[in-house]
Amino acid sequence: MDKPNGIHYIELANNFIRFDAASQLTKVFFDDTNKQIFAVRSGGATGVVVKGPAEDAVITFCMSDRGGDIHSIKFSPDNQILAVQRVENAVEFVCFQGDQPQLQDIITHQVKTLIYGFVWVHNRELALISNTGVEVFQILPEKRQVRSVKALSISIKWFAWSGDANVALLCTTEGNTLVPVLVKQKVITKLPKVNLGNPAREVEESKVTLGRVYGVLAVFILQSNSTTGMMEVEVHLLNGPGLAPQKCHVLRLSLVGRFAINTVDNLIVVHHQATATSLLFDIALTGELIDEVTYHAPITPGRSIKPFGLKLPSLLPDGHIMQCELYSTNWVLFQPNIVIDAKLGCMWYLNLCIEPLCNLISDRLRLTEFLLQRSSGKQMQLKVVQQLMDEQYKGTLLPVLETIFDKINKIYASWVHLTLQNQTALPSNVKSPTNKQATPPIVLIEQSDMVQVFQSIAERPHMETVLMLYLQSLNKYNIAAQEELSKMIISELIRNRSFDTLRRLVSYSMLLESKPIACFLLSHSDVNSAISQVAIDMLGKMQAYEIIIEVMLGQGRVIDALRLAKNSLGTDKVQARKFLEAAYKSQDDLIFHSVYRFFQMRNLRMYETLNFPKAEQCTEFIQHYNNTFPADNAVKLPKS
Amino acid sequence: MSQVLQRVEITLRSFYVFNSSLSQKEGEERKKVLYYYPTEVVEYTKINDVGLSEGIIKFIGTFTNEDDCKALHTQKTTQLFYQPEPGFWLVLVLNVPKELKLKDRIEVAEYRGGEVSDRIYRAVLRQCYQMYRFQHGPMQARLTANLAEENQQREQQREKLSLELHQFYDKYLLSFRDLASCDIMDMLHSIQYLALEKRIFLRAHNFCKLCGDTFAGIRDCIMLYNQEQIICGGKLNASDLYSLHAYIQAVPKGADPGEDGAFVEKVTPPRVFLDLDNCIAPFYLLIYRALNITLCLFVDVAPQPEFYEELHAYMGPQLISLARDIADEVSKRTAANLGESGSNDASSTSPKYLFINEQSLKHHTNIFRHGKNNQKSIPRNVMSIIADLANPIEENCTQTTPATEELQVKATNDFWVVKRRCNWRQYYVILCKSKATLLDVTQEAKRIFEQELTDDVFFDK
């Protein structure tokens, strides 16, 4: 499996759904709006089994075969009304109580047109698409009525439906145009038509797929290149003004034959039956830009879906494993990532295998751009960063790392600024009219994530440069370094004795200024006095005078401390006992005398007496003073 | 009444290097004199002078440490002593300034020895040694033969060292700046850093780091602006950085590199000695210029031609773009400064300031140095006061706790010097006010501290 040709980047997920395989007796239907698969035995008479979207969601019931083959069968979103089409011009509605149908109350709705299909737009509303247009009906089970709510008249050849966007793409008879129509509860909105370039161009139903990439509805049109004859996929995104479709991208398949399209994690997967491979495209990556249309090549050469072994019931203890045929002619694909093999009775979801894919993209910058758009990209991205810092590269990949940091932090910054805006824009007492929570980016790599990666490779060569590059990148996007990162940078700079860098980072306030960080610096001040200077600078910037005073007292600089205390806190707030005690401990009579006299003068000013108030608990120092300098407090020269 | 006819400024009288241990026998005294300036002096005088210095050092040594012999003042000279390596002494003898006066119609010379600041000139002497060491390494390293070995080999090594000292100092002493204008910055060996916005600083810093990390041979990388102001000092200690700074300024500009950067000297890159982690080791110094930026790269091994090419291809474009951005920023800054203080006339009476970080030896000042455009610096007596107030930054003086001081000094002419010191920084403000009170001076100094101390933190304002 690990052979180079054994690398697969797409797999059939293990949470697949099994159903009764299609046969003469059993007909299988799939509703791609509710993602439900219907296995209908004998027109429903011997049972209908509905499975999906989850593995264990099952509804089983029976209904009478009312004649006519079932064309289409779909539950309302709440599974309470089942719509069944057996003839070209009528739809039946079966109401459910719990999960059993009320077969006596079937409502039949007949129209005069040719029904192409129907879709549920609401629990009680259904849109019928027929050759003459789109009509939204409301079903009233209590009154056993079906009422027309809204209609759009337009002659239609065929249509495609996207359930998660509620958009129908109509191919009109006149002018051969593709018109997207937004169908919602009680509303039908016609959107600007898809620009096909050539007005005479006809598009077949089988060549069109509706999908969604990066939150935008997209119309994929398969067509052959007029010069090379190779197949291409035109991607029309509905992101223009008024959701107008715009031809933005062209995916170059460089193959001919039959194709089918899925989307997985915002990637466009184009399956090619003849070669049994699937090509991956990411429209967010850069490509060749011609006339405002980006031409993309596949991210890597095409590879097949990972083989899938189906465990069959067997008498053997391990069971019997059957290798499923991939790209089988029995496969039908649905959006966004559903594969159904009706013959086999299997419904799978396609999954992206991100790790093997990473090994196929050798350009680390492109890989980063790719991973930053994948829902499962974060861990891989962190791994990529870690790999680049590996010692084997001897620092040669540092410039690449610099660019990767920028890409990561660009996303990080936009998120930080967005959350900050949300916090500051709304005062807490005002209820926001749009209670919309901002959605975080697909891959958000914050400082804390990076710190973890850095920690795993701490104390290696080039670590200082890596951290400085990361800091530079943060700085570029106006993000301040937090505590963990700041500490890490400090440790690394001290380890490498880069004191000048440390000094300058602190003077530029590029590290977090906090008491814990300053104390962290102080704890290393025995390494070099430069660190002590930097620590005090930081405390000074924060005006954390109490700590500086403590530091000075700790160093035995009682007078300096007192001076600072007087200037910063004010004479009234200086605690006499603390300073007298420190002066006493210095065993320097001159210092003790000076400090004592300072407080005496303070007493005089505040209490109009030289004596200390009792509350200050200075008795022992008064005693010491009187012993050391007897003779009614006359100033005596100190001995040393 | 006496009238000053002429004033003769301080001049160099002699400079010599000796090591007493090089001459053990009588009659071989000349051997201990490794270098003597002026060279044309007869040998007898050289030996005599060295002998006298030896005597003085010995004599002082009976009272204190031998190392404590620092300066000797005579009526006409000031002699400064410095022992950078055990046994090796450097002596600088200066003629003190004199004024020829007419007293009762007789010409009298008045020697002004008091105007010579020991501390400044001792620092000048120290730099004489530092520059030698920067380019040639420690002297002792040249004399590897021990006593037991053959005399001939010892003598050869001695002669080689002596020759090297001659080659170096003959040139160095010629380039000696006007000795009279040596000032406090010469004493403290401080350097100016280029003030940059943090983003661009980080870019420059990381550029240097990346050069070092990408090319294995590069040990350190220093960036200067206009060969003068430091942008990134790497991990060089302050005294090596000062020597490098002095060295770079003496390097000829070379051909204009134009739009591309270029190496100044590719054929024989100079060897320099750096003190990295308390170990003096030789490196090759590559100097690369791009626009206003000078990049100094210290390389372990002699670089091959391909190395230059690779390096040039790697650095050139990045450095040019960085140099442009730095130049933009500098011009923006100077424009802003001009607008801010348009009336800042540089007269000798306007307030001056000097701030020095003892840890990085970075200084920030508005005192014009070495008489550019005849701008008067501060009067000599004021400079001497500052030199006396300044706390010398000797290489081994690593205090564990910073001192805090505040001093105000009034000079005999109308000048005031306000000194503050805290957290390993020294700050001086020089004011000229004839009728100022202590209160005025305090307030004016406070104003200047607050106005100028923007990047350093002075919490005791």
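What you are looking at is a predicted structure, and each value in this text was computed from that prediction instead of being measured.

Concerning the overall build of chain B
The helix and strand inventory of chain B stands at nine helices and 20 strands. Counting every position in chain B, which comprises 461 residues, the buried fraction comes to 36%. In chain B, 61% of the contacts between residues at least 6 apart in sequence involve partners at least 24 apart.

A short note on the confidence of the model for chain A
Averaged over all residues, the pLDDT of chain A equals 84, while 94% of them reach at least 70. By mean pLDDT, the top-scoring element of chain A is strand 28 (residues 293–296) of chain A (92), and the lowest-scoring one is strand 29 (residues 309–312) of chain A (79).

What to know about the packing of helix 5 (residues 447–456) of chain A against helix 7 (residues 483–495) of chain A
Residues and elements named next belong to chain A. Following both chains from N to C, one finds helix 5 and helix 7 inclined at 35°, their axes separated by 9 Å at the closest point. As for the relative orientation of helix 5 and helix 7, their crossing is left-handed in sense. Together, Q447, S448, V451 and F454 of helix 5 and E484, L485 and M488 of helix 7 make up the contact between the two elements. Tallied by class, residues from the contact of helix 5 with helix 7 come to four nonpolar, two polar and one charged.

What to know about the domain arrangement of chain B
It is common to give the size of an interface as the accessible area lost on bringing the parts into contact. All names here are of chain B. Annotation of chain B at the domain level lists domain 1 (3–182), domain 2 (191–340) and domain 3 (352–452). On a C-alpha basis, the centres of domain 1 and domain 2 stand 34 Å from each other. Listed per partner, the contact involves eight residues of domain 1 and ten residues of domain 2. Within the side of domain 1 that touches domain 2, the residues separate by chemical class into three nonpolar, four polar and one charged.

Some details on the sheet that holds strand 23 (residues 245–252) of chain A
Residue and element names in this part refer to chain A. Pairing is mixed across the open sheet formed by six strands, whose spatial order is 20-21-22-23-28-27. The sheet is open, and its two edges are formed by strand 20 (208–213) and strand 27 (288–290), each paired on a single side. Within the sheet, the average angular offset between the axes of one strand and its neighbour, ignoring direction, is 30°. Note that strand 22 (residues 231–238) and strand 23 share seven bridges and pair antiparallel. Bridging from a neighbouring strand, V235 pairs with H249 of strand 23.

Comments concerning unusual backbone geometry
Peptide bonds are, in most cases, trans, and in most cases residues other than glycine have a negative phi. Residue and element names in this part refer to chain A. The linkage connecting Q335 with the following residue, P336, adopts the cis geometry, with an omega of -5°. Take P336: it is sitting in the loop between strand 31 (331–334) and strand 32 (338–341). Of note, E292 is a non-glycine position whose phi angle comes to about 65°, a positive value. With respect to the element layout, E292 can be found in the loop between strand 27 and strand 28. Judged by C-beta crowding, with 8 C-beta atoms within 10 Å, E292 ranks as exposed.

Quick word on the interface of chain A and chain B
Each partner contributes residues to the interface: chain A has 36 residues there, and chain B has 29 residues. Among the elements of the structure, helix 4 (398–425), helix 6 (463–476), helix 8 (499–507), helix 10 (529–541) and helix 12 (558–569) of chain A are those that each provide at least two residues to the side of chain A that touches chain B. Of the residues in the side of chain A that touches chain B, the class split is eleven nonpolar, 14 polar and eleven charged.

Examining the sheet that holds strand 17 (residues 167–172) of chain A
Residue and element names in this part refer to chain A. Pairing in this open sheet of four strands is antiparallel, and the strands run 16-17-18-19 from one edge to the other. A strand with exactly one partner marks an edge of an open sheet, and here the two such strands are strand 16 (156–162) and strand 19 (187–190). Taken over all neighbouring pairs, the strand axes of this sheet differ in orientation by 25° on average, direction set aside. Relative to strand 18 (residues 178–184), strand 17 is paired through five bridges, and the arrangement is antiparallel. Across the sheet, residue C171 finds its bridge partner in strand 18, namely L178.

So, the pairing of strand 16 (residues 352–357) of chain B
Residue and element names in this part refer to chain B. Counting buried positions over the six residues of strand 16 gives six, a clear majority of the element. Side chains K352, L354 and I356 project from strand 16 onto one buried face, and the interleaved Y353, F355 and N357 project onto a second face that is buried too. Of the strand pairs in this sheet, strand 16 and strand 20 (residues 425–432) are connected by six bridges, and their pairing is antiparallel. Bridge assignment links F355 to a residue of strand 20, and that residue is Y427. When strand 16 meets strand 17 (residues 362–365), the two strands line up antiparallel, connected through four bridges.

About the criteria used
- Residues numbered from 1 in each chain as written.
- Chains lettered and ligands numbered in written order.
- Predicted model: local features only at pLDDT ≥ 70, side-chain atom pairs only at ≥ 80, totals over all residues.
- Helix = DSSP H or I, 4+ residues; strand = E, 2+ residues; numbered from the N terminus.
- Buried ≥ 20, exposed ≤ 12 C-beta atoms within 10 Å, placed from the backbone.
- Contact = placed C-beta atoms within 7 Å.
- pLDDT = per-residue confidence, 0-100.
- Axes fitted to C-alpha atoms, helices over the stretch in contact; angles between N-to-C directions.
- Left-handed = near helix turned anticlockwise from the far one by under 90°.
- Nonpolar A, V, L, I, M, F, W, Y, C, P; charged D, E, K, R; others polar.
- Domains from an automatic or database assignment.
- Pairing = 2+ DSSP bridges.

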